[in-house]
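Survey of secondary and tertiary structure
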Amino acid sequence: MAQWNQLQQLETRYLEQLYHLYSDSFPMELRQFLAPWIESQDWAYAANKESHATLVFHNLLGEIDQQYSRFLQENNVLYQHNLRRIKQHLQSKYLEKPMEIARIVARCLWEEQRLLQTATTAAQDGTASHPSGTVVTEKQQILEHNLQDIRKRVQDMEQKMKMLENLQDDFDFNYKTLKSQGGLLSAMDFVQKNLTDDELADWKRRQQIACIGGPPNICLDRLETWITSLAESQLQIRQQIKKLEELQQKVSYKGDPIIQHRPALEEKIVDLFRNLMKSAFVVERQPCMPMHPDRPLVIKTGVQFTNKVRLLVKFPELNYQLKIKVIIDKSRKFNILGTNTKVMNMEESNNGSLSAEFKHLTLREQRCGNGGRTNSDASLIVTEELHLITFETEVYHQGLKIDLETHSLPVVVISNICQMPNAWASILWYNMLTNHPKNVNFFTKPPVGTWDQVAEVLSWQFSSTTKRGLTIEQLTTLAEKLLGPCVNYSGCQITWAKFCKENMAGKGFSFWVWLDNIIDLVKKYILALWNEGYILGFISKERERAILSPKPPGTFLLRFSESSKEGGITFTWVEKDISGKRTSVEPYTKQQLNSMSFAEIIMGYKIMDATNILVSPLVYLFPEIPKEDAFGKYCRPEAAPEAELGDPCSSKSIRKFNILSWKLWDELTVEDLEVPPQ
């Protein structure tokens, strides 16, 4: 039985000792959620070796993300909230000190073992064990409780108003009623700040992260229920305050507290309701072109894009009453074509929310003397210019007029699809580094990012569109290309120019242009192989040499080309002779993969040996998977398994090599290879 399960069976007196072992430094909730994985790690070793501690710590964060996804599928909001809070705490405290958390966990596990040993010894004397559970108070449970309390107090106030209506001239009644009202408004203000400043702000940040490939955002239904409940309570209190005015008009006297305090109370409740309505008007789905669903917030002129707004105050009487208008900022002049006004309703949404979805919007740039720009910063290129799409409406409800306005996250507007990679880089950089909703001047002085931030976002670019993110080893290889050799990349700073604008050392293109083309290559041509885990992809030459050296002849691996700007993939194999040389081929690019799948290229690949006989140098995919098992299922039945030398169509899969010392293709020259004319 796992150690944690054994601990749950102990008596209460031992469980109390167990509770004292855990604190915010290493929460018991995390111990509970990840018990099997935590017990499988060598924390004592990690506590004394920093490199291993760093690896274990990053694996811990990965396990937290996986557990979060499971809770997301189970719709367990409380556990999602706790895990997110725990992860943020661990990152802020231990990212630079992974050995410290390793020591804490190792100590806790040791104390648990000691506690089990003590309990076992006592059990031999007849001590019985009783399982016990822990009760954890959650922030959202408190919020739910506060909302219930407000609803109860509002109903209680309604009853008091009816019971004491005929005692209006009683000073004590007036004074106590107004005092109770003031306390209730303070409670409402507190709950409203929790909803808008914490819960809603947290949802908006998660929406930002989801836009750039991070974990999917949770729906707004729970927030809508809370906010609607609070708005209903506020309107009910406003009616009660109006009732006080009616009572005061019947009978009043000098020093009547109703006359003194009622106007201030009414003003405060109206302000609370106005602010709640303004906060509740949100962009539920950010602008996105349907043809590029994985790259929202980039809009091409002349191409339709969609977005959706929602009011989280779900009043049936507002159905078909709010007309939404869409406009865009004026740093460059655009005409919004299509249906740019729409009425919010509850019928179009599957969940009955009060919303408006714009499906057929198009931007057309108004040309002027400076190429379409009016007030934009001349130092910024088009893909660094940020724009806001604004949604406006007016609410008329119970005698109140409220102007509502909300904005999309900043978008980049392009005129040619070739601008998409740099535009998407701008969206990544902005949403990675700031949660400011309207900072359109962000790129006039873009802040630096850390490698830890960049690494997470780069992995999301793969995991959001495939079944695999990037491993720590793959990320380390990318860090070396971006920052150069380093022992520990954690905390290293990366400038915007380094990420997207400056050419890599010895190359004629930037890091992002190279990586974005590889992402495109994976999605369009080798997705199945990437999902299977067959492609090592990003691997240094030293690492390639190290893992292939002990392997038998015919072992090969798949990696991305470092020299191809357009994105290329190649393979390196161990030669079938006593020398064990390693050989790579010219990278295959999208152009070649358009006419033949990469799996078919590998299955039919032949070279001419020293005796002029066609042989396949590829036998085992690293580490030791037979080539046929890995790639056979991805070949078309009609594809020829053997390519003949005389067949003109076989030129993509036949290379003739001189016997030469091992060099990667990126290092080979024309003199090193004999390649037949293509």
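Owing to the predicted nature of the structure, the values given are computational and were not obtained by experimental measurement. (Residues numbered from 1 in each chain as written. Predicted model: local features only at pLDDT ≥ 70, side-chain atom pairs only at ≥ 80, totals over all residues. Heavy atoms only, no water.)

Notes on the overall build of the protein chain
The helix and strand tally for the protein chain stands at 22 helices and 21 strands. Taken across its 678 residues, the protein chain has 48% of its residues classed as buried. Here the contacts in the protein chain between residues at least 6 apart in sequence split such that 70% fall between residues at least 24 apart. Surface accessibility of the protein chain: about 32600 Å² in total, with carbon and sulfur atoms responsible for 51%. (Helix = DSSP H or I, 4+ residues; strand = E, 2+ residues; numbered from the N terminus. Buried < 20%, exposed > 50% of the residue type's maximum accessible area, 1.4 Å probe, protein only. Contact = heavy atoms within 4.5 Å. Areas by Shrake-Rupley, 256 points an atom, 1.4 Å probe, with all protein chains shown as cover.)

Let's talk about the pairing of strand E14 (residues 568-574)
In regular strands, side chains alternate between the two faces of the sheet. In terms of burial, E14 is largely enclosed, as seven of its seven residues are buried. Relative to E14, strand E13 (residues 555-560) runs antiparallel, the two sharing five bridges. Looking across to E14, one finds that Phe 560 is bridged to Ile 569. In this structure, E14 lies alongside strand E16 (residues 588-589), joined through two bridges in antiparallel fashion. (Pairing = 2+ DSSP bridges.)

What to know about the pattern of salt bridges
Per the counting criterion, the structure on display carries 30 salt bridges. Among the ionic pairs, Asp 520 bridges to Lys 524, the shortest N-O distance being 3.2 Å. Of the two residues, Asp 520 and Lys 524 are both situated in helix H17 (residues 511-525); the distance of four residues between them amounts to about one turn of the helix. A relative accessible area of 58% places Lys 524 in the exposed class. Look at the salt bridges and you will find they share partners, linking Asp 221, Glu 224, Glu 284, Lys 308 and Arg 310 into a network. (Salt bridge = Lys/Arg side-chain N within 4 Å of Asp/Glu carboxyl O.)

What about the layout of surface pockets?
In this approach, a probe sized like a water molecule rolls over the atoms, and the result shows the empty space that is left. Roughly 570 Å³ of internal volume is contained in the second largest pocket. Every residue lining the second largest pocket is counted, 22 residues in all, and those nearest its centre are Lys 204, Phe 281, Thr 406, His 407 and Pro 437. The set of elements that each furnish at least two residues to the lining of the second largest pocket consists of helix H10 (171-211), helix H12 (257-279), strand E1 (281-288) and strand E9 (400-407). Sort the elements by how many residues they give to the lining of the second largest pocket and H10 lands first, with eight residues. Looking at the lining of the second largest pocket residue by residue, the class counts come to eight nonpolar, nine polar and five charged. (1 Å grid on protein atoms, 1.4 Å probe; cavity = no way out; pocket = protein on both sides within 12 Å on 5 of 7 lines; lining within 4 Å. Points joined across faces, edges and corners; volume = space filled by probe spheres on them. Nonpolar A, V, L, I, M, F, W, Y, C, P; charged D, E, K, R; others polar.)

Focus: helix H15 (residues 472-483)
With 12 residues, H15 extends 16 Å from end C-alpha to end C-alpha; this agrees with the ideal 16 Å at 1.5 Å per step. Those residues of H15 that fall on the buried side of the exposure criterion are Gln 474, Leu 475, Thr 477, Leu 478, Ala 479 and Leu 482. In this fold, the buried residues of H15 make contact with helix H14 (451-463), strand E12 (493-494), helix H16 (496-501), H17 and helix H18 (527-532). Two residues or fewer after H15 comes Gly 484, characterised by a positive phi angle close to 90°. (Expected span 1.5 Å × (residues − 1).)

Quick word on the sheet that holds E9
As summarised here, the arrangement of the four strands in space is E6-E4-E8-E9, forming an open sheet in which the pairing is antiparallel. The strands lining the two open edges of the sheet, one partner per strand, are strand E6 (341-343) and E9. Here the average twist between neighbouring strands, direction ignored, is 25°. Bridge analysis of strand E4 (residues 323-328) against E6 gives three bridges, and the strand direction is antiparallel. What sits directly across from Ile 324, in E6, is Lys 342. (Axes fitted to C-alpha atoms, helices over the stretch in contact; angles between N-to-C directions.)

Thoughts on the packing of helix H13 (residues 420-433) against H17
If you want to describe how two helices pack, look at the angle between their axes and the distance between the axes. Running from N to C, H13 and H17 point in directions that differ by 105°, and their axes come no closer than 10 Å. In terms of orientation, H13 lies roughly perpendicular with respect to H17. Contacts between H13 and H17 involve Pro 421, Asn 422, Trp 424, Ala 425 and Leu 428 from the former and Trp 512, Val 513 and Asp 516 from the latter. The residue makeup of the contact of H13 with H17, split by class, is six nonpolar, one polar and one charged. (Parallel < 35°, antiparallel > 145°, perpendicular 65-115°, else oblique.)

Looking at the environment of Pro 447
Note on placement: Pro 447 falls in the loop between H13 and strand E11 (449-450). The exposure class of Pro 447 is partly exposed, given its relative accessible area of 31%. A sequence separation of 14 residues divides Pro 447 from Leu 433, and the C-alpha atoms of the two residues are 7.6 Å apart. Once residues within four sequence positions are removed from consideration, Pro 447 is found in contact with Trp 429, Leu 433 and Phe 442.

What to know about the confidence of the model for the protein chain
On average, residues of the protein chain score 83 in pLDDT, and 84% of them are at 70 or above. Strand E21 (residues 654-655) is the least confidently modelled element of the protein chain, averaging 42 in pLDDT, while H13 averages 97, the highest of any element. Counted against residues more than four places away or in other chains, residues 127-136, with its pLDDT under 50, gives 22 contacts. (pLDDT = per-residue confidence, 0-100.)

Thoughts on unusual backbone geometry
Note on backbone geometry: most residues besides glycine have negative phi, and most peptide bonds are trans. Phe 622 connects to Pro 623 through a cis peptide bond whose omega is 10°. Relative to the elements of secondary structure, Pro 623 occurs in the loop between strand E19 (620-621) and strand E20 (625-626). Not every positive phi belongs to a glycine, and Asn 75 is a case in point at roughly 60°. The residue Asn 75 is located in the loop between helix H6 (50-74) and helix H7 (77-94) in this model.

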